[in-house]
Amino acid sequence: KLMKVFITRRIPQEGMKILAAAEGCEVSQWDSDEPVPRSELLKGVQGAHGLLCLLSDKIDQEVLDAAGPNLKVISTMSVGFDHLVLSEIKKRGIRVGYTPDVLTDATAELTVALLLATSRRLPEGVEEVKSGGWSSWKPLWLCGYGLSGSTVGIIGLGRIGKYLFRMAIAQRLLPFGVKRLLYSGRTAKSYAAEVNGEFVPLDTLTSESDFIVVSCSLTPETQGLCDKAFFSKMKKTAIFINSSRGAVVNQEDLYDALSSGQIAAAGLDVTTPEPLPTNHPLLTLKNCVVLPHIGSATYSTRGVMSALAAQNLLGGLQGSDMPSELTL
Ligand code: GLV
Ligand code: GLV
């Protein structure tokens, strides 16, 4: 029998091809690069058996009610799933697919790029060149902090897919000559030995690191974790990087820490809200580099993510295995 599927955005063709080739699948789509308006989402899901969504779509009770009892599977083209109200989804017996692991390399790469761009002040330098601020080679101009000999602390309280994400960041940073690699979380991890990672309490990580990288998932436990108390423990020369979810950070406290010189700089690939309004105070600071949530944005990674999301969706529709199913 015919299975109805709603896709909330234009996605890479890899995923679309898989769905087009699937028998008995009737696909409708919000065929745009811009987010589906809420009213269109509520209309689009009506009677759907499957929903393929993105991290910018809040899937809550209202959407599930609008979908009705046919809905068997929600497949999100993301590793994060904080936009899905899992308690409501579980209650209805709906299965959930997501896309861990396939974006590990791309996101780790972007995290390192953001760290280097922030610590070596690349956006400021580019701006100076464009605006005519580059008057000469100057011994004291645009100096930043290097990784060589530094201590890096990685915060990953939750698991993002397998352990690989945090490890992938560590593996990429070590060749820069990092001296100590600290990590904190619920438990020590045996695999951390591969990168000589030292398991330390969060307070130790915060006060001893030259670079702090937040790579945990957003949970009630990590919401607002990086607040005034957190930033006040950091070294004045330390740099804060977040490539997980914006809500892990209290942005007002971060603004205060950056503008008062409590910490040296911050690089964010995620914010609250997204997009960050162009008049947001953080954007007035030279020592804050903000990227538009592009951690997984390589052509190949987005292609693989869309294919995996399509396969998860089909597995859920057919009542068979999903390549990456979230355990609810
Ligand atoms: C990116 O943030 C994702 O969750 O895929
Ligand atoms: C991965 O991100 C982990 O925290 O293990």
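Residues numbered from 1 in each chain as written. Chains lettered and ligands numbered in written order. Predicted model: local features only at pLDDT ≥ 70, side-chain atom pairs only at ≥ 80, totals over all residues.

Naming follows an unreviewed UniProt entry, where the protein chain appears as Glyoxylate reductase/hydroxypyruvate reductase of Oryzias sinensis. Listed under Sequence similarities (unreviewed entry) in UniProt, the entry text for the protein chain is "Belongs to the D-isomer specific 2-hydroxyacid dehydrogenase family." (UniProt positions renumbered as here; feature names shortened; annotations may be inferred.)

Draft legend 1. A look at the pairing of strand S2 (residues 25-29). Sheet topology note: the strand S1 (residues 3-7)/S2 ladder contains 5 bridges and is parallel. Bridging from a neighbouring strand, methionine 3 pairs with cysteine 25 of S2. (Pairing = 2+ DSSP bridges. Helix = DSSP H or I, 4+ residues; strand = E, 2+ residues; numbered from the N terminus.)

Draft legend 2. The arrangement of the sheet that holds strand S4 (residues 73-76) in detail. Taken in spatial order, the 5 strands line up as S2-S1-S3-S4-S5 in an open sheet, and their pairing is parallel. On the outer flanks of this sheet lie S2 and strand S5 (95-97), each paired with one strand and no other. Within this sheet the neighbouring strands show an average axis-to-axis angle of 20°, counted without direction. Against the sheet, helix H11 (residues 299-318) contacts S1, strand S3 (50-53), S4 and S5, and its axis sits at roughly 170° relative to S4. (Axes fitted to C-alpha atoms, helices over the stretch in contact; angles between N-to-C directions. Contact = placed C-beta atoms within 7 Å.)

Draft legend 3. Summary view of helix H7 (residues 164-173). Buried within H7 are the following residues: Phe165, Arg166, Met167, Ile169, Ala170 and Leu173. Taken together, the buried residues of H7 touch helix H5 (104-119), strand S6 (151-155), strand S7 (180-184), strand S8 (197-199) and strand S9 (211-214). (Buried ≥ 20, exposed ≤ 12 C-beta atoms within 10 Å, placed from the backbone.)

Draft legend 4. Representation of the environment of valine 45. With respect to the helices, strands and loops of the structure, valine 45 is situated in the loop between helix H2 (38-44) and S3. For the pair valine 45 and glutamine 29, spaced 16 residues apart in sequence, the C-alpha to C-alpha distance is 9.9 Å. Among all residues touching valine 45, those that are not within four sequence positions of it are Phe6, Leu51, Val63, Ala66 and Ala67.

Draft legend 5. Quick peek at the site of ligand 1. Lining the immediate surroundings of ligand 1 are Leu55, Ser78, Val79, Gly80, Leu103, Gly295 and Ser296. Class assignment for the residues of the shell around ligand 1 results in 3 nonpolar, 4 polar and no charged. (Near = placed C-beta within 6 Å. Nonpolar A, V, L, I, M, F, W, Y, C, P; charged D, E, K, R; others polar.)

Draft legend 6. Molecular detail of the sheet that holds strand S12 (residues 288-290). One open sheet holds the 7 strands; their spatial order is S8-S7-S6-S9-S10-S11-S12, and the pairing between them is parallel. With partners counted over all chains shown, the strands left at the sheet margins are S8 and S12, one partner each. On average, each strand axis in the sheet is inclined to that of its neighbour by 20°, with strand direction left out of account. As judged from the 3 bridges shared by strand S11 (residues 265-268) and S12, these two strands associate in the parallel manner. Pairing of glycine 267 across the sheet is with valine 289, part of S12. Each of S9, strand S10 (239-242), S11 and S12 touches H5; the most contacted strand, S11, lies at about 150° to it.

Draft legend 7. Geometry of the packing of helix H1 (residues 13-21) against H11. Packing of H1 against H11 leaves a shortest axis separation of 6 Å and a crossing angle of 25°. The orientation of H1 with respect to H11, classified from their angle, is roughly parallel. Between H1 and H11 lies a crossing of right-handed hand. Facing H1, whose interface residues are Glu14, Gly15, Ile18 and Leu19, H11 presents Gly303, Ser306, Ala307, Ala309, Ala310 and Gln311. Classifying every residue of the contact of H1 with H11 gives 5 nonpolar, 4 polar and 1 charged. (Parallel < 35°, antiparallel > 145°, perpendicular 65-115°, else oblique. Left-handed = near helix turned anticlockwise from the far one by under 90°.)

Draft legend 8. Representation of the confidence of the model for the protein chain within the structure. Mean pLDDT for the protein chain: 95, with 98% of residues reaching 70 or above. Quick note on the complex model: pTM equals 0.93, ipTM equals 0.68. (pLDDT = per-residue confidence, 0-100.)

Draft legend 9. Fine view of unusual backbone geometry. Note the cis peptide between threonine 272 and proline 273, where omega equals -5°. Along the chain, proline 273 falls in the loop between S11 and S12. Phi is positive for aspartate 101, close to 70°, though the residue is something other than glycine. Locating aspartate 101 in the fold gives a position in the loop between S5 and H5. By the C-beta count within 10 Å, which is 17 here, aspartate 101 ends up partly exposed. Here the phi dihedral of asparagine 196 falls at roughly 55°; this positive angle occurs in a residue that is not glycine. With respect to the helices and strands, asparagine 196 occurs in the loop between S7 and S8.

Draft legend 10. Broad picture of H5. The terminal C-alpha atoms of H5 lie 22 Å apart, and with 16 residues this matches the ideal 22 Å at 1.5 Å per residue to within 8%. The buried fraction of H5 is high, at 12 of 16 residues. In the segment just after H5, arginine 121 is the residue with positive phi, at about 60°. (Expected span 1.5 Å × (residues − 1).)

Draft legend 11. Main features of the domain arrangement of the protein chain. Taken domain by domain, the protein chain comprises domain 1 (3-102 + 299-318) and domain 2 (104-290). Along the lines of polarity and charge, the residues of the side of domain 1 that touches domain 2 split into 2 nonpolar, 2 polar and 2 charged. (Domains from an automatic or database assignment.)

Draft legend 12. Geometry of the packing of H5 against H7. Relative to each other, H5 and H7 sit at 45°, their axes nearing to 9 Å. For the element pair H5 / H7, the angle class is oblique. When the axes of H5 and H7 are compared, the crossing they make is right-handed. Only Leu164, Phe165, Ala168, Ile169, Arg172 and Leu173 of H7 make contact with H5, whose side of the interface consists of Thr104, Asp105, Thr107, Ala108, Glu109, Thr111 and Val112. Of the residues belonging to the contact of H5 with H7, the class tally is 7 nonpolar, 3 polar and 3 charged.

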